[in-house]
2 protein chains.
Amino acid sequence: MSRWEPNARGRLEQAALELYRERGFDQITVTEIAERAGLTERTFFRYFADKREMLFSGQDRLRELYVRAIAAAPETASPIEMVAAALEAAVPVFRERHEFARQRQAVIDATPGLQERELLKRAALASAMVEALRRRGVPDPAASLAADVGVIAFKNAFARWVRAPDEQDLAHLIREVLDQLKVMIVGE
Amino acid sequence: MSRWEPNARGRLEQAALELYRERGFDQITVTEIAERAGLTERTFFRYFADKREMLFSGQDRLRELYVRAIAAAPETASPIEMVAAALEAAVPVFRERHEFARQRQAVIDATPGLQERELLKRAALASAMVEALRRRGVPDPAASLAADVGVIAFKNAFARWVRAPDEQDLAHLIREVLDQLKVMIVGE
């Protein structure tokens, strides 16, 4: 078997999601995932630390995109505009991944241990945004509040996007949620 | 030894916090906590499920107060006003507990496993508020967004309150954070 397998990462992810949905996340081993994908365990571990981290491997990329977008935001941007720019910069990561995201979310929603992990990852993304905002000279409490608003905007937009039958534009949903937050908080 | 011990709950909590700060949360057993408090393990388990839940035992009371305040909010209240009423209804729980809250937060901030627990409890409080808002006829997405805003308002206000050297009024800090959110989101 050649060491390079075409689209090994995608095949492993797809095999894992199929198995989790058939028998539940907790029941499945890495051996079974590799087997279903027609690959070896060794190949699995070349891409992922374990079966749980596999589901969250995109988070490092998200953090990187958030931090970079905040660093690159115009001088005149308000903290919330910097955060909105960060969220929108991450949208391309999800392009063509709607079906994957939907299946992944169904597994998380069915598995308490994964929901914990999701909360932790979300908190880590918020912290990364706070740090990036501080480096742009945004003082506290504005930095923390803007990052928290960003996290709930993304969470709510993503939940709508995942549930939508047709692939809606995630960037549009993010702006929609930010607008709804504005209306709600201002009270009109 | 009599079965009733004066202020057993408070003595156990104080003993636990002292021990956690001396040697770290993970190092301490329930036996040691009971011993330091001059009580038995049996008494400990009359009040708390385990040493972790001990630190979060106030959350059930918070949820109850949140849910009740949302149920009792005036007909004319907006979703965000219902949530603000919920947060303020919980303020008396923390009265006279500033030093306890400060020490408890220091233990949580030093213990990753407790931070996870805190995130989960916070998510559970948000869900309880969403349910209570829906029962008041608030549709989604307003119910989810209002609950999420409430959670970040409380989180930020509580963090300031705990760090404040003098005991500031928590209700005042909650309103301050909600005002800051308004200014931030509306952008002037």
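Here, every reference points to the structure presented above.
Note that the structure is a prediction, hence the values are computed from the model and not measured. (Residues numbered from 1 in each chain as written. Chains lettered and ligands numbered in written order. Predicted model: local features only at pLDDT ≥ 70, side-chain atom pairs only at ≥ 80, totals over all residues. Heavy atoms only, no water.)

Visitor: Quick rundown of the relation of the copies chain B and chain A? Include the residues and the values.
Guide: When chain B is brought onto chain A, the operation consists of a screw motion whose angular component is 180 degrees and whose axial shift is 0.0 Å, with 0.0 Å RMSD remaining. What we have between these two chains is a two-fold relation. Residue by residue, 100% of the interface of chain B is reproduced at the interface of chain A, so both copies engage with the same surface. (Least-squares fit on C-alpha atoms with pLDDT ≥ 70 in both. Contact = heavy atoms within 4.5 Å.)

Visitor: Lay out the packing of helix 5 (residues 59-72) of chain B against helix 8 (residues 112-135) of chain B with the relevant residues and their values.
Guide: Residue and element names in this part refer to chain B. The contact between helix 5 and helix 8 brings their axes to 9 Å, and the two run at 20 degrees. The angle between helix 5 and helix 8 places the two elements in the roughly parallel class. Considering the relative orientation of helix 5 and helix 8, their crossing is right-handed. Taking contact as the criterion, the partners of Gln59, Leu62, Arg63, Tyr66, Val67 and Ile70 in helix 5 are, on helix 8, Lys121, Leu125, Ala128, Met129, Ala132, Leu133 and Arg135. Looking at the contact of helix 5 with helix 8 residue by residue, the classes come out as nine nonpolar, one polar and three charged. (Axes fitted to C-alpha atoms, helices over the stretch in contact; angles between N-to-C directions. Helix = DSSP H or I, 4+ residues; strand = E, 2+ residues; numbered from the N terminus. Parallel < 35°, antiparallel > 145°, perpendicular 65-115°, else oblique. Left-handed = near helix turned anticlockwise from the far one by under 90°. Nonpolar A, V, L, I, M, F, W, Y, C, P; charged D, E, K, R; others polar.)

Visitor: Requested: an account of the interface of chain B and chain A, with residues and values cited.
Guide: Facing 24 residues of chain B, the contacting portion of chain A comprises 24 residues. In total, about 2300 Å² of surface goes out of reach between chain B and chain A, with carbon and sulfur atoms giving 77% of it. Looking only at chain B, the three residues that lose the most surface to chain A are Leu145, Met184 and Ile185 of chain B, adding up to 29% of its buried area. In this structure, the connection of chain B to chain A is made through two salt bridges. At the boundary of chain B with chain A, the tally comes to four residue pairs in polar contact (both at pLDDT 80 or more). Sorting the residues of the side of chain B that touches chain A by element identifies helix 6 (79-89), helix 8, helix 9 (142-163) and helix 10 (170-186) of chain B as the ones contributing at least two each. At ten residues, helix 9 of chain B tops the list of elements feeding residues into the side of chain B that touches chain A. Class assignment for the residues of the side of chain B that touches chain A results in 16 nonpolar, three polar and five charged. (Buried area = accessible area lost by both parts, 1.4 Å probe. Salt bridge = Lys/Arg side-chain N within 4 Å of Asp/Glu carboxyl O. Polar contact = N/O pair within 3.5 Å; in protein donor to acceptor, adjacent residues only side chain to side chain.)

Visitor: Quick one: what's the story with the environment of Leu17 of chain B, residue by residue and with numbers?
Guide: Residue and element names in this part refer to chain B. Position of Leu17 among the secondary structure elements: in helix 1 (residues 8-23). Accessibility expressed as a relative area gives 0% for Leu17, which makes it buried. Excluding residues that lie within four positions of it along the chain, Leu17 makes contacts with Leu55, Phe100, Gln103, Arg104 and Val107. (Buried < 20%, exposed > 50% of the residue type's maximum accessible area, 1.4 Å probe, protein only.)

Visitor: So what's going on with unusual backbone geometry? Which residues, and what values?
Guide: Residue and element names in this part refer to chain A. Here the amide bond leading from Asp140 into Pro141 is cis, since omega sits at 5 degrees, within 30 degrees of zero. Its place among the elements puts Pro141 in the loop between helix 8 (112-135) and helix 9 (142-163). The phi angle at Glu96 is positive, at roughly 65 degrees, despite the residue not being glycine. Following the sequence through the fold, Glu96 ends up in the loop between helix 6 (79-89) and helix 7 (98-109).

Visitor: Lay out the side chain of Gln59 of chain B with the relevant residues and their values.
Guide: Looking at where Gln59 of chain B falls in the secondary structure, it is placed in helix 5. Once you skip the residues sitting within four places of it in the chain, Gln59 of chain B turns out to touch Arg104, Lys121 and Leu125 of chain B.

Visitor: Run through the pattern of salt bridges, naming residues and quoting values.
Guide: Residue and element names in this part refer to chain A. Following the criterion strictly, the structure yields 34 salt bridges over all chains and no others. For the salt bridge of Arg160 with Glu176, the shortest nitrogen-to-oxygen distance reads 3.1 Å. Here Arg160 is found in helix 9, whereas its partner Glu176 is found in helix 10 (residues 170-186), with 16 residues between them in sequence. For Arg160, a relative accessible area of 15% translates into the label buried. A single salt-bridge network, built from bridges that share partners, covers Arg52, Glu53, Arg117 and Lys121.

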